[in-house]
Amino acid sequence: MTDASQARDKLALAADLPLEEGLRLYQQVAPHVGYAKVGLSLFVEHGPAAVAAFQKLGARVFLDLKLHDIPNTVELAAARAGALGVSLLTVHAAGGEAMLKAAVKGAREGARAKGHEAPRVLAVTVLTSMSAEDVTAVGLSGAPDVAALRLARLAVGAGVDGLVCSPREAEAFRRELGPTPFLCTPGIRPAGAAKGDQSRAETPAFAVRAGADLLVVGRPIHTAVDPLSAARSIAEEVSTA
């Protein structure tokens, strides 16, 4: 069981909205949500200004770019992200050991150059939108959980700080990899909520009990009639899990 402040530290708002709308929404739910996730749509449109806008509201920024390129390119991009003072940065585990090491190096050096704390570099294993059929179609062997664990072992061995995984994989990751990796779980859907394009979604309580450190919530808050109430309800479920 966690208290309210600890529950806030475990929640990220997926701000996949027009910037001004995302900022207004974060301000509404900030009493219960500690992180704002800036993803591809916001960053492509606004760049570092999107990061700075959420930081001005007191949010810790989760920069979700899922970097995946040759090691040198990823190192340069990760250094720029570290220089922005973000708290979390994502890369694709499928980029391989050399790329993952380059991401960690770049993020740390970029943050140090600007006097920031280095962001946690999180490796994305298998996207939560992917079904077993999708995993096979892209050439990964085994069921999604098997493929995800294989990628997780690779990423942790390369020195990343944490992993992005489905709530359904979190328990196995904890069992196999121990308490150290920071586990982030998107695909969070409160009981009764529509799953949308998330094939492997679970409830907030399920994710916390499985060992997740951070839960990413988007549409259950975006589409709520009362976003503050929705965020409060999710935080309460996290605090009592």
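Everything below is about the structure shown above.
What you see is a predicted model; the values in this text were computed from it and never measured.

Q: Explain the packing of aromatic side chains here, please?
A: Each aromatic ring pair is specified by the distance between its two centres and by the angle formed by the two planes. This model, assessed by the stated rule, comprises one aromatic pair. Here the guanidinium or amino end of arginine 60 rests over the ring plane of tyrosine 35, the centre of that ring lying 4.4 Å away.

Q: Would you explain the environment of alanine 36 in this entry?
A: Locating alanine 36 in the fold gives a position in strand β2 (residues 35–38). Overall, alanine 36 belongs to the buried group, its relative accessible area being 0%. Separated by 180 residues in the primary sequence, alanine 36 and valine 216 have C-alpha atoms spaced 9.1 Å apart.

Q: How do you make sense of the packing of helix α2 (residues 19–29) against helix α4 (residues 48–56) when you look at a structure like this?
A: Geometrically, a packed helix pair is captured by the angle between its two axes and the distance between the axes. Put simply, α2 and α4 touch, their axes get as near as 10 Å, and they point 20 degrees apart. Taken as axis vectors, α2 and α4 run roughly parallel relative to one another. The handedness of the crossing between α2 and α4 comes out as right-handed. Packed against α2, whose contacting residues are Leu19, Gly22, Leu23 and Tyr26, the element α4 presents Ala50, Ala53 and Phe54 at the interface. Looking at the contact of α2 with α4 residue by residue, the class counts come to six nonpolar, one polar and no charged.

Q: For this particular structure, what's the right way to read the pattern of salt bridges?
A: When charged atoms on two side chains of opposite charge get close, those side chains can pair. Tallied over the entire structure, the rule returns eleven salt bridges. Across the pair lysine 105 and glutamate 109 runs a salt bridge, and its minimum N-O distance is 3.4 Å. In this pair, lysine 105 and glutamate 109 both sit in helix α6 (residues 97–113), four residues apart, roughly one turn of the helix. Since its relative accessible area comes to 41%, lysine 105 is described here as partly exposed. Of the charged contacts in the structure, one is a salt bridge between arginine 168 and glutamate 202, with a shortest N-O distance of 3.1 Å. Of this pair, arginine 168 sits in helix α9 (residues 167–177) while glutamate 202 sits in the loop between β7 (182–185) and α10 (204–210), and the two are 34 residues apart along the sequence. By relative accessible area, which is 39% here, arginine 168 ends up partly exposed. When salt bridges with common partners are traced through the structure, they connect Asp16, Lys37, Asp64 and Lys66 into a single cluster.

Q: It is not clear to me how helix α5 (residues 71–83) should be interpreted in this structure. Could you clarify?
A: Because an α-helix completes one turn every 3.6 residues, residues spaced three or four positions apart along the sequence face the same direction. The end-to-end C-alpha distance of α5 is 18 Å, a good match for the 18 Å that 13 residues give at a rise of 1.5 Å each. Buried residues belonging to α5 abut β3 (60–67), β4 (88–92) and α6. Following α5 by one or two positions, glycine 85 adopts a phi angle in the positive range, close to 80 degrees.

Q: Looking at this structure, how should I read the sheet that holds β3?
A: By way of backbone hydrogen bonds, the strands of a sheet pair with one another, either parallel or antiparallel. On the basis of which strands lie adjacent, the closed barrel formed by eight strands has the order β1-β2-β3-β4-β5-β6-β7-β8 and parallel pairing. Mean inter-strand twist for the sheet, computed between neighbouring axes without regard to direction, equals 25 degrees. Inspection of the sheet shows strand β1 (residues 11–14) paired to β2 by three bridges, in the parallel sense. Looking at the pairing, leucine 13 lines up with alanine 36 of β2.

Q: Would you mind going over the pairing of β1 with me for this structure?
A: Here is the key point about a regular strand: its side chains alternate between the two faces of the sheet. Both faces of β1 are covered, namely the face carrying Leu11 and Leu13 and the face carrying Ala12 and Ala14. Note: β1 against strand β8 (residues 214–217), three bridges, orientation parallel. Bridge pairing in β8 links leucine 11 to leucine 215. Tracing the backbone out of β1, into α2 and back to the parallel element β2 gives a crossover that is right-handed.

Q: Could you clarify how one ought to interpret α6 in this entry?
A: The terminal C-alpha atoms of α6, which comprises 17 residues, lie 24 Å apart, in line with the 24 Å expected from a rise of 1.5 Å per residue. Regarding α6, the residues found buried are Met99, Leu100, Ala102, Ala103, Val104, Gly106, Ala107, Gly110 and Ala111. At the exit of α6 stands glycine 115, carrying a positive phi of roughly 75 degrees.

Cut-offs and rules
Residues numbered from 1 in each chain as written. Predicted model: local features only at pLDDT ≥ 70, side-chain atom pairs only at ≥ 80, totals over all residues. Heavy atoms only, no water. Phe/Tyr/Trp six-rings, centres within 6.5 Å; stacked < 30°, edge-to-face > 60°. Lys NZ or Arg CZ within 6 Å of the ring centre and 35° of its normal. Helix = DSSP H or I, 4+ residues; strand = E, 2+ residues; numbered from the N terminus. Buried < 20%, exposed > 50% of the residue type's maximum accessible area, 1.4 Å probe, protein only. Axes fitted to C-alpha atoms, helices over the stretch in contact; angles between N-to-C directions. Parallel < 35°, antiparallel > 145°, perpendicular 65-115°, else oblique. Left-handed = near helix turned anticlockwise from the far one by under 90°. Contact = heavy atoms within 4.5 Å. Nonpolar A, V, L, I, M, F, W, Y, C, P; charged D, E, K, R; others polar. Salt bridge = Lys/Arg side-chain N within 4 Å of Asp/Glu carboxyl O. Expected span 1.5 Å × (residues − 1). Pairing = 2+ DSSP bridges. Right-handed = clockwise from strand over helix to strand, strands pointing away.

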